[in-house]
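Tertiary structure, described
Listed below, chain by chain, are the residues.
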Amino acid sequence: MIVTIDGVAASGKSSVSGGVARALGVPFISSGLLYRAATLLGLEARLDLHSAPALLAHLHTHPLRLEPLAQGNRVWQEGRELTDELHSSRVDRGVSVVAVLPEVRAWVDAQLRALPSPFVAEGRDMGTNVFPHAGAKFYLTASPHIRAQRRAHERPEDVPAIEAALIHRDELDRVQSAPAADAVVIDTGPLTLNGVIQTILAQLPE
Ligand code: ADP
Ligand code: CDP
């Protein structure tokens, strides 16, 4: 079975997906890492991030591979591991420009659909576009302030700057971030990480 966990930036998608996947004994897939890796390569090559032909040509000559391990996803560009470089503020700022390009979305979608199930997939459009026939779908939310406070443990900027950047990125990602009509929406604000994981596990079909 495929379980999808979508949601806004820093709502807890990857931490929650990891916990749910471990409980189920299946891998999880962090789709955002492919958008982040495409952005990092584009920045390093000084490409115009608005130009799909330039980015796609670069991705074909520099193939990326997502390794969906149960303990955390890794991304490789041939022998080089990119994982630790994907959560910089510079990639945060550029990624939505890249993710809006239909050609890049098709490239990511093809890689995700080629992965063997079962798994938990997290991102923005896992339950709507990529795996519309998933067996269970969830959508995580939390206020921008709570999300910024959480992310402040992982970024050098202060909470107001992170909050402003999250609100801006939510807006840029709005089109592909609509919840699936059949997704269970969970406000993670009042919950602990484990509370969200248990809420999801309790609602999975037998
Ligand atoms: P996303 O994948 O949606 O960007 P993350 O899983 O990276 O979100 O979560 C962002 C941060 O918030 C992490 O440090 C994570 O441990 C923390 N976090 C996530 N969910 C909760 C929660 N319900 N309560 C407290 N902290 C949380
Ligand atoms: O963890 P966070 O929510 O901050 O980011 P992410 O899930 O790693 O996604 C990074 C970016 O990739 C998002 O801001 C979107 O622009 C894009 N993305 C997307 O468009 N569709 C997805 N399924 C996943 C990510």
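Report follows, based on the coordinates. (Residues numbered from 1 in each chain as written. Chains lettered and ligands numbered in written order. Predicted model: local features only at pLDDT ≥ 70, side-chain atom pairs only at ≥ 80, totals over all residues. Heavy atoms only, no water.)

Okay, helix 4 (residues 89-99) next. The buried count for helix 4 comes to eight of 11 residues, which makes it a mostly enclosed element. Looking at helix 4, one finds that the buried residues are Ser89, Val91, Asp92, Gly94, Val95, Ser96, Val98 and Ala99. Residues of helix 4 that are buried sit in contact with helix 2 (32-44), helix 3 (52-61), helix 5 (102-113) and helix 8 (159-172). (Buried < 20%, exposed > 50% of the residue type's maximum accessible area, 1.4 Å probe, protein only. Helix = DSSP H or I, 4+ residues; strand = E, 2+ residues; numbered from the N terminus. Contact = heavy atoms within 4.5 Å.)

Strands sit in the order 3-4-5 across an open sheet of three strands; the sheet is antiparallel. Strand pairing shows two members of the sheet lacking a second neighbour, strand 3 (64-69) and strand 5 (80-81), which therefore form its edges. In the sheet, strand 3 pairs with strand 4 (residues 72-77) via six bridges, with the strands oriented antiparallel. Pairing of Pro68 across the sheet is with Asn73, part of strand 4. Against the sheet, helix 2 touches strand 3, strand 4 and strand 5, its axis set at about 145° to strand 3. (Pairing = 2+ DSSP bridges. Axes fitted to C-alpha atoms, helices over the stretch in contact; angles between N-to-C directions.)

So, about unusual backbone geometry. Omega for the peptide link from Ser117 to Pro118 comes to 10°, which places this bond in the cis form. Its place among the elements puts Pro118 in the loop between helix 5 and strand 6 (119-123). A positive phi is found at Arg46, a non-glycine position, where the angle reads about 55°. By the secondary structure assignment, Arg46 is in the loop between helix 2 and helix 3. Judged by its relative accessible area of 78%, Arg46 is exposed. Phi angles above zero are rare outside glycine, and Glu78 is one such case at about 50°. What makes Glu78 exposed here is its relative accessible area of 56%.

So, on to the nonpolar core. Core analysis: the biggest nonpolar cluster contains 34 residues, and Leu64, Val75, Leu82, Trp107, Leu112 and Phe131 have the highest contact counts within it. When residues of this core are traced back to their parent elements, those giving at least two are helix 2, helix 3, strand 3, helix 4, helix 5, strand 6 and helix 6 (126-130). (Core = buried A, V, L, I, M, F, W, Y, C linked by side-chain atoms within 4.5 Å.)

What follows deals with the site of ligand 2. Taken together, 19 residues lie near ligand 2, and Lys13, Arg36, Arg151, Arg169 and Asp173 sit nearest. In the model, a nitrogen atom of ligand 2 is placed 2.9 Å from a nitrogen or oxygen of the Asp125 side chain. A distance of 2.7 Å is found between an oxygen atom of ligand 2 and a side-chain nitrogen or oxygen belonging to Arg169. When contributions to the shell around ligand 2 are tallied by element, the ones reaching two or more residues are helix 2 and helix 4. Looking at side-chain class alone, the shell around ligand 2 contains six nonpolar, five polar and eight charged residues. (Near = heavy atom within 4 Å. Polar contact = N/O pair within 3.5 Å; in protein donor to acceptor, adjacent residues only side chain to side chain. Nonpolar A, V, L, I, M, F, W, Y, C, P; charged D, E, K, R; others polar.)

Two pairing modes exist for strands in a sheet, parallel and antiparallel, and in both the strands are linked by backbone hydrogen bonds. The sheet built from five strands is open, its strands ordered 2-6-1-7-8 with parallel pairing. The open sheet has two edge strands, strand 2 (28-30) and strand 8 (184-187), and neither has a second partner. In this sheet, neighbouring strand axes are inclined to one another by 20° on average, regardless of whether the strands run parallel or antiparallel. Relative to strand 7 (residues 136-141), strand 1 (residues 2-7) runs parallel, the two sharing five bridges. Across the sheet, residue Val3 finds its bridge partner in strand 7, namely Ala136. Helix 1 (residues 13-24) contacts strand 1, strand 2, strand 6 and strand 7 of the sheet and is inclined by roughly 175° relative to strand 6.

This part is about the environment of Ser14. You can see Ser14 is positioned in helix 1. Given the relative accessible area of 38%, Ser14 is considered partly exposed. Residues within four places of Ser14 in sequence aside, it is in contact with Phe28, Ser30 and Glu122.

The tally for this structure, following the rule as stated, stands at 11 salt bridges. Where Glu44 meets Arg80, a salt bridge forms, and the shortest distance between an N and an O atom there is 2.8 Å. Of this pair, Glu44 sits in helix 2 while Arg80 sits in strand 5; the two residues are 36 residues apart in sequence, bridging distant segments of the chain. A salt bridge links Asp173 to Arg124, with the nearest nitrogen and oxygen atoms 3.8 Å apart. With Asp173 in the loop between helix 8 and strand 8 and Arg124 in the loop between strand 6 and helix 6, the pair connects residues that are 49 residues apart, well separated along the chain. Each member of the pair, Asp173 as well as Arg124, carries the same accessibility label: buried. (Salt bridge = Lys/Arg side-chain N within 4 Å of Asp/Glu carboxyl O.)

Everything listed is a geometric property; what it means functionally is a separate question.
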